Each structure stands twice: as C-alpha cells, then as structure tokens.
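# Survey of secondary and tertiary structure
If you want the building blocks of each chain, they are given just below.
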Amino acid sequence: MNNISAKPRENKILLYLTILIVILVATCSSIGIWHEQLYSKETVNILSQCIGQDISNLFIISPILLVSALIASKGNKIAKIIWIATMIINAYTYVIYCFTVHFNFLFHIYCFILGLSIYSSLIFFIKYFNEDFKNWFTEKVPTKSIGIFLIIIASMFTVMWLSDSLPAVLTNTVPANLIKDNLLTNPVQVLDFSFFLPLMFISSVMIIKKKTLGYLLAPIMIVFAILTNVNIICLMVVTMQKTSSNNISMIIAFGIFASICICFLYLFLKNISESSQNTKSL
C-alpha cells in the first residue's frame, strides 16, 4: 500500500521541481525588469541583453515550462519533448547569468535555478534512458528534411560565431564586442561551440539515420532554435529602446526564421503515434 501511494508522488517530482524553478525564474526576472539598478555595473549592451532575457524568461520561458510540465505530468509526449527542450535552454540561460552578470544579490538564486534545471534534465534522461523514442512516432516523420534543416541551422550559427572569433584568433587580438562589454570571453559562443552546435549536428545525423535517440534530440534542437530566436528578438527590442540602434530588419529576419522552425517542429510532432500519445507521467 505504501509503495502504491508513493509512486504517484515519485512520478510528479519533475512537476514539483518545475513549479519551484518557474517561481524562482519569475521572481528574478521581475526584479530585473522593474529594478534596473540590479544591472548597474553592466554596459548598455549587457544591460539590454539582461532585461531582454528577463522579459523572455517571465513571459515566454516560464509559461511554457509550467504548462508543458502540467500536461506532461498526464503522460502527453509532445509536452514532454517541449518541457525537456525548454528546461535545457533554461539551464543554458542561467549559465550565462551566473558567469556574465556582475555579482548581485540574486547570485545564489541564479545558481539555484541553474542547478535545479540541470538536475531536472538529468532526472528526465535517467528516467527515459531505455525508452525507444522512435516508437513515439509514426513512419511519416520527414526525417531527411528535418535532419538537413538542423544541419543548416547549426552551420549558420557556426559561421556566424566563427566570423566573430576566428579573425581575432588568427591576428592574435580580441573581438571588439568583448572589449566593448568588458568580457573575458563570450559565454554564448563557449556554450554553442563546445556543446549545442555539436549536439545539433549529431542530432541531424541521428534523425536522418532514424536512430531512436534522434527522435528525441531532433525536436529538442528545433525547440531550442525557436526559443533562441525569440530570446534574440527580445534582446534586440530592448536594445533599440536603450540605444539609437535600428534592429527592425534583424527582428523581422529572426521572426521569419523562428516561424520556419515552428513549421518544422509541427511537421515532426504531428506524427506522434496516437496509440502511445499518453503514457506514464513526467
């Protein structure tokens, strides 16, 4: 009897962790948006990025995390994929907060959110370690098209970051943006070069070859691309308000790119197998 009653509580652990993370993220983001003195030590560019990210965290990331966790806790597979993708990008975001933003009174909460996001993601992958994700989908998934699309995304970001960092390496100088913002390195480039861009290339190959893990990683990478574009748009909007820059054309471009990513995500997730749409909870 005790084991039976304990199982539902055990299955809800990721939901409870998500609720805690959302509360903490919403708190930090609200303070950052309405108490700009928090970022008083930052350059105008970093300040704009912080506030833009806070807006995205509060009004986009947090609601997606909470809603997807609630639906996933009932066994919905689409919600599970969206949840784990959003949780990973939340960890990505708070690595940047922890290592880029000057020390402030929210430092320990940043670290707590980062730790909770990492451990929540690990719990998910451990729980589904032996899962055959290929069986979540029908045979109609356009694996080749999605794989090629992921290669294009990864290649675009690789070229973009290399165009910034490689010339400085070859001339033994420092990129201008690092000097301007008084940074040691660009944490976004560090995360992308070392982890996310390789993972996107790996995901593309795995889904083209119809490997079971590719059926999880590929949609995760597409969601990651969507939310990254949304974050960039938020940053650019705030930057326009704080500086004299005109980012309208870039905002439109990233908006179009995000829309294309959403279309590919739909093409993927619409092929979730109805016979196994609802399974064990998150």
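## Let's talk about the overall build of the protein chain
- Scanning the protein chain for helices and strands turns up 10 helices and 0 strands.
- Its helices and strands taken in sequence order, the protein chain reads α-α-α-α-α-α-α-α-α-α from the N to the C terminus.
- Relative to the compact-globule value of 19 Å for 282 residues, the protein chain shows a C-alpha radius of gyration of 20 Å, a close match.
- Seen along its three principal axes, the alpha-carbon backbone of the protein chain occupies a region of about 60 × 45 × 30 Å.
- Treating the 18 positive side-chain charges of the protein chain as one cloud and the 11 negative ones as another, the clouds have centres 11 Å apart.

## Overview of helix α6 (residues 143–170)
- Counted at 1.5 Å a residue, the expected span for α6 with its 28 residues is 40 Å, and the 38 Å between its end C-alpha atoms agrees.
- Where α6 bends most, at S163, the angle is about 40 degrees, and the proline P167 comes one to four residues later.
- What α6 keeps buried is the set T143, I146, G147, F149, L150, I153, A154, F157, T158, W161, S165 and A168.
- Considering only its buried residues, α6 is in contact with α8 (187–208), α9 (214–242) and α10 (248–269).
- Immediately downstream of α6, the backbone of N172 shows phi near 55 degrees, a positive value.

## A look at the nonpolar core
- Within the largest apolar cluster, 80 residues are counted, with the highest numbers of intra-cluster contacts made by Y39, W83, Y110, F137, I153 and F268.
- Among the elements of the structure, α2 (13–34), α3 (44–72), α4 (77–100), α5 (107–127), α6, α8, α9 and α10 are those that each provide at least two residues to this core.
- By residue number, the principal contributor to this core is α4, which donates 15 residues.
- Ignoring sequence-local partners within four residues, the contact set of F268 consists of F137, V141, I146, I207, Y215, A218 and P219.

## Some details on the packing of α3 against α4
- One can describe the packing of α3 onto α4 by two numbers: an axis separation of 9 Å at closest approach and a directional angle of 150 degrees. Taken together, the axes of α3 and α4 lie roughly antiparallel to each other. In this structure, the crossing between α3 and α4 has a hand that is left-handed. Every residue of α4 that contacts α3 at C50, Q53, D54, N57, I61, I64, L65, S68, A69, I71 and A72 is listed here: A79, K80, I82, W83, T86, M87, I89, N90, T93, Y94 and Y97.

## Quick look at the packing of α2 against α5
- Axis separation between α2 and α5 bottoms out at 10 Å; the angle between their running directions is 155 degrees. Comparing the axis directions of α2 and α5 gives the class roughly antiparallel. Remark: the crossing between α2 and α5 carries left-handed chirality. The residues of α5 that touch α2, namely those facing L14, L17, L20, I21, L24, V25 and C28, are I109, Y110, F112, I113, L116, S117, S120, I123 and F124.
- Among the residues making up the contact of α2 with α5, the classes are represented as 14 nonpolar, 2 polar and no charged.

How each quantity is defined
For every chain, the first residue of the written sequence is number 1, and numbering continues from 1 onward in sequence order. Only residues with pLDDT of 70 or above have their local features reported here, since the model is predicted, and side-chain atom pairs are shown and tallied only from 80 upward, although totals for entire chains, interfaces and linings are computed over all residues. Just so you know, side-chain values use all the structure's heavy atoms and leave hydrogens and water out. A run of H or I in DSSP becomes a helix once it reaches four residues, and a run of E becomes a strand once it reaches two; helices and strands are each numbered from the N terminus. The size measure is the radius of gyration over C-alpha atoms, and the globule rule it meets is 2.2 Å times the number of residues to the 0.38 power. The convention is simple: Lys and Arg are positive, Asp and Glu are negative, and His and the chain ends are not counted. Every charge is mapped onto a representative atom, which is NZ of Lys, CZ of Arg, CG of Asp or CD of Glu. The span you would expect from a helix comes to 1.5 Å times its residue count less one. To get the bend at a given residue, fit one axis to the seven residues ending there, fit another to the seven starting there, and take the angle between those axes. Under the scheme applied here, a residue whose accessible area is under 20% of the maximum for its type counts as buried, over 50% as exposed, and between as partly exposed, the area being computed with a 1.4 Å probe on protein chains only. We call two residues contacting when some pair of their heavy atoms lies within 4.5 Å. The criterion is simple. A nonpolar core is a set of buried Ala, Val, Leu, Ile, Met, Phe, Trp, Tyr and Cys residues joined through side-chain atoms within 4.5 Å. Axes, fitted as lines to C-alpha atoms, cover a helix only where it is in contact. Angles between the N-to-C directions of the axes lie from 0 to 180 degrees. An angle below 35 degrees is read as roughly parallel, one above 145 as roughly antiparallel, one from 65 to 115 as roughly perpendicular, and any other as oblique. Two helices that cross are described as forming a left-handed crossing if the nearer one is turned anticlockwise from the farther one by less than a right angle, and a right-handed crossing if clockwise. Each residue gets one label: Ala, Val, Leu, Ile, Met, Phe, Trp, Tyr, Cys and Pro are nonpolar, Asp, Glu, Lys and Arg are charged, and the others, such as Gly, are polar.

Geometry only, nothing functional implied.
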